[in-house]
Amino acid sequence: MKRVIVLSLFFPFLLIFLCVRLAFTELFVELNYRFGDLPPDRWGMGYEERLSIAKLGLRSVLSDEGMEEFISSGLFREKEIRHMQDVKSLLSVIFKILYLGGPLWLFLFFSLRDKKKMGLVLFFGALLTEILVIFVLVFSLLNYDLLFEVFHNFFFDPYSWRFFDQDMLLRVYPMKFWYNATLWVGVFSLLLNSLFQALGLILWKKTS
């Protein structure tokens, strides 16, 4: 049962990290810009230019080459560059956990070779995911600014991520962008999670 408990506890992290990885793609940035009802740039920057710079920011946190391009663009202050380097470091840890932990989790899961135990892992892992994601979604709907601040203060220096309205990061990634991203990751996590939960319940009950 120890393996069942460990696998159940790690399930929410891997599922949520997978959805986070899917959100850090150019497709999601484009969808957020097209359908996310983002506020217009108050200094009049056009849609295409703004989207292009947003994609540049995305590339900066995904690869060293992207970060070099980001720095050499001349569009961002030193403080903005340092923050994106911090984000890149955090994402590197998250993605390593996903890429290494995912296959290991699957190996340990299938090595259980007991449908009831496999069902228990999926069902209770999905239940934990459900509780965590619903909490974040409700918190987001009630006070997203506070959630955003708590998250950033926990993972970054409290003074490293606050910028002026005219700074490029805030112009291409307004708060509504991150609000949309949080809701998307949460809702997609719940949808994907429900499939695993249903499968877990089927495996568990069929062998009970």
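So, here is what we can say about the structure in this document. Since the model is a prediction, treat every value here as computed from it, not as a measurement.

Let us look at helix α1 (residues 2-23). The terminal C-alpha atoms of α1 lie 33 Å apart, and with 22 residues this matches the ideal 32 Å at 1.5 Å per residue to within 8%. By the largest-angle criterion, F10 marks the main kink of α1, which is about 30°, and a proline, P12, follows within four residues. All of the buried residues along α1 are V4, L7, S8, F11, P12, L14, L15, I16, F17, C19, V20 and A23. Residues of α1 that are buried make contact with α2 (26-35), α5 (78-110), α6 (115-155) and α8 (175-206).

Contact pair α2 / α8: the axes reach a minimum separation of 10 Å and the direction vectors enclose 115°. Handedness of the crossing formed by α2 with α8: right-handed. Packed against α2, whose contacting residues are F28, V29, N32 and Y33, the element α8 presents F177, N180, A181 and W184 at the interface. Residues that form the contact of α2 with α8 fall into these classes: 6 nonpolar, 2 polar and no charged.

Applying the stated criterion to the full structure yields 9 salt bridges. Of the charged contacts, one joins K55 and E30 as a salt bridge, the two residues approaching to 2.3 Å between their closest N and O atoms. Taken together, the residues K55 in helix α3 (residues 47-60) and E30 in helix α2 connect sequence positions 25 residues apart. Judged by relative accessible area, which is 15%, K55 ranks as buried.

Using the criterion set out here, one finds 24 aromatic pairs in the structure. A centroid spacing of 5.3 Å and a plane angle of 80° characterise the contact between Y144 and Y179, whose relative ring orientation is edge-to-face. Remark: Y179 occurs in helix α8 and Y144 occurs in helix α6; sequence separation between them is 35 residues. Both residues of the pair, Y144 and Y179, belong to the buried class. Cation over ring: R21 sits above F95, and NZ or CZ is 5.0 Å from the ring centre.

Counting residues in each nonpolar core, the largest one holds 61 residues, and the members touching the most others are Y33, F70, F76, W105, F109 and V172. Per-element tally for this core: the top contributor is α6, with 11 residues. Each residue touching F76, except ones within four places of it in the same chain, is listed here: I53, L56, F70, I81, M168 and L169.

About the thresholds
- Note on numbering: residues in each chain are counted from 1, in written sequence order.
- For this predicted model, a pLDDT threshold of at least 70 governs which residues receive local features, and a threshold of 80 or more governs which side-chain atom pairs are given and counted, while totals over whole chains, interfaces and linings are taken from all residues.
- Here the side-chain values reflect all heavy atoms present in the structure, with hydrogen atoms and water set aside.
- Numbering of helices and strands starts at the N terminus; helices are DSSP runs of H or I of at least 4 residues and strands are runs of E of at least 2.
- Each helix should span, by expectation, one fewer than its residue count multiplied by 1.5 Å.
- What we call the bend at a residue is the angle made by axes fitted to the seven residues finishing there and the seven residues starting there.
- Only protein chains enter the accessibility calculation, which uses a 1.4 Å probe; a residue whose area is less than 20% of its type maximum is buried, one above 50% is exposed, and one in between is partly exposed.
- Whether two residues touch is decided by their heavy atoms; if any such pair falls within 4.5 Å, the residues are in contact.
- Axis definition: a line fit to C-alpha positions, over the contact stretch in the case of helices; interaxial angles, taken between N-to-C directions, run 0 to 180 degrees.
- Left-handed describes a crossing whose near helix is turned anticlockwise from the far helix by less than a right angle; the clockwise case is right-handed.
- Residue classes follow a fixed rule: Ala, Val, Leu, Ile, Met, Phe, Trp, Tyr, Cys and Pro count as nonpolar, while Asp, Glu, Lys and Arg count as charged, and any other residue, Gly among them, counts as polar.
- Each salt bridge in this description consists of a side-chain nitrogen of Lys or Arg and a carboxyl oxygen of Asp or Glu lying within 4 Å of one another.
- Working definition: rings of Phe, Tyr and Trp (its six-membered ring) pair if their centres are within 6.5 Å, and the pair is stacked with planes under 30 degrees apart, edge-to-face with planes over 60 apart, and tilted otherwise.
- Placement of a positive charge over a ring is assigned whenever Lys NZ or Arg CZ falls within 6 Å of the ring centre and within 35 degrees of the normal to the ring plane.
- By nonpolar core is meant a set of buried Ala, Val, Leu, Ile, Met, Phe, Trp, Tyr and Cys residues that side-chain atoms within 4.5 Å join together.

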